[in-house]
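# A look at the structure
So you can see what is in the structure, the chains are spelled out below.
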Amino acid sequence: MKKYNTRQRQILLDFLKEHADESFSGLEIVEKTEGSGISKSAVYRNLSGLEKEGKIRRVSKDGEHTAHFRFIDEEHCKGHIHLSCIKCGKTGHISDDAAKKIAESLIEEDGFSLDSDETVIYGICDKCKS
Ligand SMILES: [Zn+2]
Ligand SMILES: [Zn+2]
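Treat the numbers as computed from the prediction; the structure is a model and nothing was measured.

### Here's the deal with the packing of aromatic side chains
- Inspection of every chain in the model, using the stated rule, returns one aromatic pair.
- Between Phe-15 and Phe-24 the ring centres are 5.0 Å apart and the planes differ by 50 degrees, which places this aromatic pair in the tilted class.
- Assessed through its relative accessible area of 9%, Phe-15 is described here as buried.
- Overall, Phe-24 belongs to the buried group, its relative accessible area being 4%.

### Observations regarding the nonpolar core
- Counting 16 residues, the largest nonpolar core has Leu-12, Leu-16, Ile-29, Ile-38, Val-43, Leu-47 and Ile-56 as its most contacted members.
- If you list the elements that add at least two residues to this core, you get helix H1 (2-18), helix H2 (26-32), helix H3 (40-52) and strand S3 (64-71).
- In terms of residues, this core owes the most to one element, H1, which gives five residues.

### Some words on the coordination of the zinc ion (ligand 2)
- Coordination of the zinc ion (ligand 2) by the protein involves Cys-85 (SG), Cys-88 (SG), Cys-125 (SG) and Cys-128 (SG), with metal-donor separations of 2.3 Å.
- Viewed at the metal, the four donor atoms of the zinc ion (ligand 2) are separated by angles of 106 to 118 degrees, and the geometry they form is tetrahedral.
- Counting gaps between the donor residues of the zinc ion (ligand 2) yields the pattern C-x2-C-x36-C-x2-C. Placement of Cys-85 in strand S4 (residues 82-85) and of Cys-125 in the loop between strand S6 (120-123) and helix H6 (126-129) is noted, with a sequence separation of 40 residues between them. Residue Cys-85 shares its accessibility class with Cys-125, and that shared class is buried.

### Describing the pattern of salt bridges
- Scanning all chains against the criterion turns up four salt bridges.
- The shortest N-O distance in the salt bridge between Lys-78 and Asp-117 comes to 2.7 Å. One end of the pair, Lys-78, is in the loop between helix H4 (74-77) and S4; the other, Asp-117, is in the loop between helix H5 (96-110) and S6, with 39 residues separating them in the sequence.
- The shortest N-O distance in the salt bridge between Lys-129 and Asp-126 comes to 3.2 Å. Here Asp-126 and Lys-129 lie together in helix H6, a separation of three residues that amounts to about one turn.

### A closer look at the coordination of the zinc ion (ligand 1)
- Distances from the zinc ion (ligand 1) to its protein donors, namely Cys-77 (SG), His-82 (NE2) and His-93 (NE2), fall within the range 1.9 to 2.0 Å.
- Along the chain, the residues donating to the zinc ion (ligand 1) fall in the pattern C-x4-H-x10-H. Remark: His-93 occurs in strand S5 (residues 91-93) and His-82 occurs in strand S4; sequence separation between them is 11 residues.
- Its relative accessible area of 24% is what places His-93 among the partly exposed residues.

Rules and cut-offs
- Along each chain, numbering runs from 1 in the same order as the chain's sequence is written.
- All chains are assigned letters beginning at A, and all ligands numbers beginning at 1, according to the order in which they are written.
- Given that the model is predicted, a residue must reach a pLDDT of at least 70 before its local features are reported, and side-chain atom pairs must reach 80 or more before they are shown or counted; all residues, however, enter totals for whole chains, interfaces and linings.
- Side-chain metrics rest on all non-hydrogen atoms present in the structure, leaving aside hydrogens and water.
- Aromatic rings from Phe, Tyr and Trp, taking only the six-membered ring of Trp, are treated as a pair when their centres fall within 6.5 Å; an angle between ring planes under 30 degrees marks them as stacked, one over 60 as edge-to-face, and anything in between as tilted.
- Residue burial is assigned from relative accessible area. The probe radius is 1.4 Å, only protein chains are included, and a residue is buried under 20% of its type maximum, exposed over 50%, and partly exposed in between.
- Here, nonpolar core refers to any group of buried Ala, Val, Leu, Ile, Met, Phe, Trp, Tyr and Cys residues whose side-chain atoms link them within 4.5 Å.
- Helical segments are the DSSP runs of H or I of at least four residues, strand segments are the runs of E of at least two, and each set is numbered from the N terminus.
- Here the term donor refers to an N, O or S atom within 2.8 Å of the metal (or 3.2 Å for Na, K and Ca), and because water is left out of the atoms, sites may appear incomplete.
- Geometry is assigned from donor-metal-donor angles: four donors are tetrahedral when every angle falls between 85 and 135 degrees, four are square planar and six octahedral when opposite donors sit over 155 degrees apart with all other angles between 65 and 115, and any other arrangement is irregular.
- A pairing counts as a salt bridge when a side-chain nitrogen of Lys or Arg comes within 4 Å of a carboxyl oxygen of Asp or Glu.

Structure representation (structure tokens):
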């Protein structure tokens with residue numbers, strides 16, 4: 001039983017890892033991983049488990065109340081401020097220069113020290129702008 005659970009968890013994690021710059025709702029994940037050996041209930045169960053462990057992050061998408069999830073690459077993502085497109089759900093990192101400027105002006109203007117790891121900036125990506 002334990003092993004079975006671990007395997008489904010890994011399928012889910014692998015899927016999100018492969019699409020690390022995108023976010024998906026639970027239902028989308030269920031549809032996209034269909035046939036790969038993970039059940040619908042396992043998707044939802046493992047999503048909340050992985051979120052608690054900090055392996056994935058919950059993001060919001062424009063006009064949708066459903067929670068979306070995306071993978072967090074701990075090594076790669078550490079210290080980066082994330083951008084998340086509210087239209088397509090695509091995520092990325094802001095450039096180091098921009099991050100530095102934001103952090104510096106927050107300290108200067110507001111005396112606020114930014115926690116980059118926890119920061120997601122929502123907006124509309126280049127592709128979705130048109
Ligand atoms: Zn990242
Ligand atoms: Zn977009």
